[in-house]
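What follows is the residue order along each chain.
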Amino acid sequence: MNGLTNMKKSTFRTRAGFAGLIGLLLLAPLAASNAADTNDLGSPAETAQLYSEDYARLVDAALPRFDGEVLGRRLAAVRAKYPGGHDPLRLRKISDIEALLGLPHGETGGTDYVATKTETYGISAASARVHYARNLEGEKPMDFAEAERSQRELEARHLDLLGRAGIDAGQVLFAKTGIMSLRTQAAGMPDESATLAADSVFTYALRNIDGLQVEGSEARIASRGAGDIVSLSLRWPAVLLHPQLTSFKLKSTDELKREALAEVARAANGAVVNVQMAVVLRPVKLDGRRVFVPSLKVGVLPREEAGAMFYVDLPQQQLAYDEGEIADR
């Protein structure tokens, strides 16, 4: 155990793709929380373009405006409602994926992974991940205009599929459907000569439990042509609040600002940055199993690509746990 852990830090790099949505996916809870000005679990919308070297000002502006007592009661209600955790996903084994996607039954030999000439798919009970990919080699991409026309219909199909997998609309905090575009341009030719096609139409869904963002829990589905699924990626594990969390009294605003400011200053290292925050339930490891801790997710975003992200635990009670993912096995 790492003892009394309050923060986790990591670095990331934003890259173009998914029709410009990769930055959204990296800090999706921040974007989702900013979807409405009245949402008190994310940074106020007006802070999205606030860049400064005054880190105290940035932290003060970006801190979500939640009431600690009200949020504490919401967390206590989640514990009371799901004392043994909440695990709605209906996919437990390879045959469940085959039934969901209409695939022929594969010979698995008792494994949790299938690979054929046309597709690969698998499931991990340990890490609560499901994946499927179809081999698209030799297949033509979609006409971009066709992709645009079919976008809403494919979105509905994707959400229906999620529902059949056990993910109903009430579990989705934020969903976005877009086009994965392909731009082809011969070397040395002007930009206006480029042709645009669509690799696929994709839907990205971010999870919540009773209005609280579940960090790292998401669904991604992509279709091509008449709507056939070409890829599926699910991370939708059981959510159990840290069992040792006995008090839902949260740190004061001043405490959260002080902890966040120290890490923002360290990550920014004198650069002009933007700061965004969101309340999340983040997964940690306790005795080899996944549990969740109410946390403040903080993104430190310079104008260039490189940035940093860390978490500040919200409860006053200090909790012991290990960082990191539950490994596939």
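Anything mentioned here points back to the structure above.
To start, this report covers the structure provided alongside it. (Residues numbered from 1 in each chain as written. Predicted model: local features only at pLDDT ≥ 70, side-chain atom pairs only at ≥ 80, totals over all residues. Heavy atoms only, no water.)

1. Thoughts on the nonpolar core
- Ranked by size, the top nonpolar core spans 44 residues in total, and within it L71 and M277 carry the most contacts.
- Considering each element in turn, this core owes the most residues, seven residues, to strand β10 (residues 273–286).
- Listed in part, the 24 residues of the second largest apolar core include I97, Y121, L161 and L234. (Core = buried A, V, L, I, M, F, W, Y, C linked by side-chain atoms within 4.5 Å. Buried < 20%, exposed > 50% of the residue type's maximum accessible area, 1.4 Å probe, protein only. Helix = DSSP H or I, 4+ residues; strand = E, 2+ residues; numbered from the N terminus.)

2. Remarks on the packing of helix α3 (residues 55–62) against helix α7 (residues 253–268)
- Close contact between α3 and α7 brings their axes to 9 Å; oriented N to C, the two are set at 130°. The orientation of α3 relative to α7 falls into the category oblique. As α3 packs across α7, the resulting crossing turns out to be right-handed. Packed against α3, whose contacting residues are Y55, A56, V59 and D60, the element α7 presents K257, A260, L261, V264, A265 and A268 at the interface.
- Of the residues contributing to the contact of α3 with α7, the split by class is eight nonpolar, no polar and two charged. (Axes fitted to C-alpha atoms, helices over the stretch in contact; angles between N-to-C directions. Parallel < 35°, antiparallel > 145°, perpendicular 65-115°, else oblique. Left-handed = near helix turned anticlockwise from the far one by under 90°. Contact = heavy atoms within 4.5 Å. Nonpolar A, V, L, I, M, F, W, Y, C, P; charged D, E, K, R; others polar.)

3. As for the pattern of salt bridges
- Summed over all chains, the structure comprises 15 salt bridges.
- A salt bridge links R152 to E155, with the shortest nitrogen-to-oxygen separation between them at 3.0 Å. Here R152 pairs with E155, and both are found in helix α6 (residues 144–164), just three residues apart, close to one helical turn.
- R164 is paired through a salt bridge with D160; the nearest N and O atoms lie 3.1 Å apart. Of this pair, R164 and D160 both sit in helix α6, four residues apart, which is roughly one turn of that helix.
- A residue is classified by how much of its surface remains accessible, and D160, at 43% relative accessible area, is partly exposed. (Salt bridge = Lys/Arg side-chain N within 4 Å of Asp/Glu carboxyl O.)

4. Some details on the packing of aromatic side chains
- Evaluated as defined, the whole model comprises one aromatic pair.
- Ring plane angle 40° and centroid distance 6.3 Å describe the contact between Y121 and Y132, whose orientation is recorded as tilted. Of the two residues, Y121 sits in strand β3 (residues 119–124) while Y132 sits in strand β4 (residues 129–134), which places them 11 residues apart along the sequence.
- The class of Y121 is buried, set by a relative accessible area of 2%. (Phe/Tyr/Trp six-rings, centres within 6.5 Å; stacked < 30°, edge-to-face > 60°.)

5. A look at the pairing of strand β7 (residues 195–209)
- In terms of residue burial, β7 counts as a mostly covered element, since 12 of its 15 residues are buried.
- Judged from the two bridges that link them, strand β5 (residues 142–143) and β7 form a sheet pairing that is antiparallel. Residue pairing in the sheet places M142 in a bridge with A198 of β7.
- Looking at chain direction, β7 and strand β8 (residues 212–224) are connected through eight bridges and run antiparallel. (Pairing = 2+ DSSP bridges.)

6. Comments concerning the pairing of β4
- Sheet analysis places β3 next to β4, joined by six bridges and oriented antiparallel. Across the sheet, the residue bridging to I123 is V130, located in β4.
- Joining the antiparallel neighbours β3 and β4 is a turn of four residues, in which A128 adopts a positive phi near 55°.
- In the sheet, β4 pairs with strand β9 (residues 228–235) via five bridges, with the strands oriented antiparallel.

The quantities given are spatial measurements derived from coordinates; they are silent on function.
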